[in-house]
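# Remarks on the overall topology
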Amino acid sequence: GDRRASEEMNDVLAQVATNTETSKNAGNAILYECVQTIMAVEGDDGLRVLAVNILGRFLLNRDNNIRYVALNTLARCIADDDTKGVNSSEEADNGGGESKDANTAASALQRHRTTVVDCLKDPDVSIRQRALELIYHLVNDANVRALTAELLGYLVLCPREHRSDICARVLRVAD
């Protein structure tokens with residue numbers, strides 16, 4: 001993309017992201033589009049952290065649609081970072097799963113790890129599936145034991161037909 005145009009948008013995006021009221025669906029829609037734009041432009045890390053934090057707040061919303069969109073968008077962010085060579089699961093160094101550089105989108109996502117894991121307990125199967133996909137990307141050396149335990153606990157809740165796939169993935173992330 002155009003680096004100069006992206007830089008000019010950063011201030012506007014930051015203002016919209018921090019000043020938008022989220023008590024109504026329209027505010028959430030504006031924030032979602034703001035997050036999408038932040039992830040699409042060549043913004044700075046601080047702006048991407050802000051976007052991930054907005055999505056983290058979406059995960060706490062009671063509306064399943066908002067939570068589903070947040071999980072989907074976070075998964076896309078991780079996939080985009082992986083293709084760009086920014087691996088969120090390798091950034092940890094302190095047992096808490098936070099990165100050496102606490103001002104990256106990947107480390108911001110690690111700070112929302114507990115909320116993502118809580119989505120595995122959601123009654124909505126689509127929320128659980130999206131959370132599961134995201135958790136695979138969150139595993140790193142610092143949190144592999146805790147997340148593996150969560151994934152094994154999820155085996156009790158998951159549909160029978162998904163158990164072999166989950167077991168295989170648990171083995172892969174534990175390896």
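Everything numeric here is computed off the predicted structure, so don't read it as measured data. (Residues numbered from 1 in each chain as written. Predicted model: local features only at pLDDT ≥ 70, side-chain atom pairs only at ≥ 80, totals over all residues. Heavy atoms only, no water.)

## Examining the environment of Asn-25
The test is simple: Under the DSSP-based scheme used, a helix requires at least four consecutive residues in state H or I and a strand at least two consecutive residues in state E, with every element numbered from the N terminus. Throughout this description, buried means an accessible area under 20% of the type-specific maximum (1.4 Å probe, protein chains only), exposed means over 50%, and partly exposed covers the range between.
Tracing the sequence through the fold places Asn-25 in helix H2 (residues 25-40). A relative accessible area of 56% means that Asn-25 is categorised as exposed. Separated by 38 residues in the primary sequence, Asn-25 and Asp-63 have C-alpha atoms spaced 10.0 Å apart.

## Describing the confidence of the model for the chain
We count it as follows: pLDDT runs from 0 to 100 and stands for how confident the predictor is about each residue. It only takes one pair of heavy atoms within 4.5 Å for two residues to be counted as in contact.
Put simply, the chain has an average pLDDT of 84, and 86% of its residues get 70 or more. Of all secondary-structure elements in the chain, the lowest mean pLDDT belongs to helix H4 (residues 64-83), at 86, while helix H6 (residues 113-118) reaches the highest, 95. Low confidence marks residues 87-100, where pLDDT is under 50. Its contacts with residues over four positions away, or in another chain, come to 35 contacts.

## Considering the nonpolar core
To keep it simple, the criterion reads: Only buried residues count toward a nonpolar core. Its members are Ala, Val, Leu, Ile, Met, Phe, Trp, Tyr and Cys residues joined through side-chain atoms within 4.5 Å.
Residues Leu-71, Val-116, Leu-134 and Ile-166 are the most contacted members of the largest nonpolar core, which totals 45 residues. The element that contributes the greatest number of residues to this core is helix H3 (residues 45-59), accounting for eight residues. The contacts of Leu-134, once residues within four sequence positions are left out, are Leu-71, Leu-74, Ala-75, Ile-78, Leu-109 and Val-116.

## Describing the environment of Thr-22
Mapping Thr-22 onto the fold places it in the loop between helix H1 (3-19) and H2. Considering only alpha carbons, one finds Thr-22 and Phe-58, 36 residues apart in sequence, at a separation of 9.5 Å. Not counting the four nearest positions on each side in its chain, Thr-22 is found in contact with Asn-28 and Leu-31.

## Examining the packing of H1 against H3
To describe two helices that pack against each other, one gives the angle between their axes and the distance between the axes. The line we're drawing: An axis is simply a line fitted to the C-alpha atoms; with a helix, the fit covers only the stretch in contact. Between two such axes, the angle follows the N-to-C directions and lies from 0 to 180 degrees. An angle below 35 degrees is read as roughly parallel, one above 145 as roughly antiparallel, one from 65 to 115 as roughly perpendicular, and any other as oblique. Each crossing gets its handedness from the near helix: less than a right angle anticlockwise from the far helix is left-handed, clockwise is right-handed. The classification used treats Ala, Val, Leu, Ile, Met, Phe, Trp, Tyr, Cys and Pro as nonpolar, Asp, Glu, Lys and Arg as charged, and all other residues, Gly among them, as polar.
Direction vectors running N to C along H1 and H3 enclose 25°, while the axes themselves pass 11 Å from each other. Relative to H3, H1 is oriented roughly parallel. Between H1 and H3 lies a crossing of left-handed hand. Contacts between H1 and H3 involve Asn-10, Leu-13, Ala-14, Ala-17 and Thr-18 on the former and, on the latter, Leu-47, Leu-50 and Ile-54. Per-class residue counts for the contact of H1 with H3 are six nonpolar, two polar and no charged.

## A short note on the pattern of salt bridges
Heads up, the condition is: The rule for a salt bridge is simple: a side-chain nitrogen of Lys or Arg has to be within 4 Å of a carboxyl oxygen of Asp or Glu.
What the rule picks out here adds up to six salt bridges. One salt bridge in this structure joins Glu-133 and Arg-169, with 3.2 Å as the shortest N-O distance. Residue Glu-133 is found in helix H7 (residues 125-138), and its partner Arg-169 is found in helix H9 (residues 163-174); the two are separated by 36 residues along the sequence. Under the relative-accessibility criterion, Arg-169 is labelled partly exposed at 22%.

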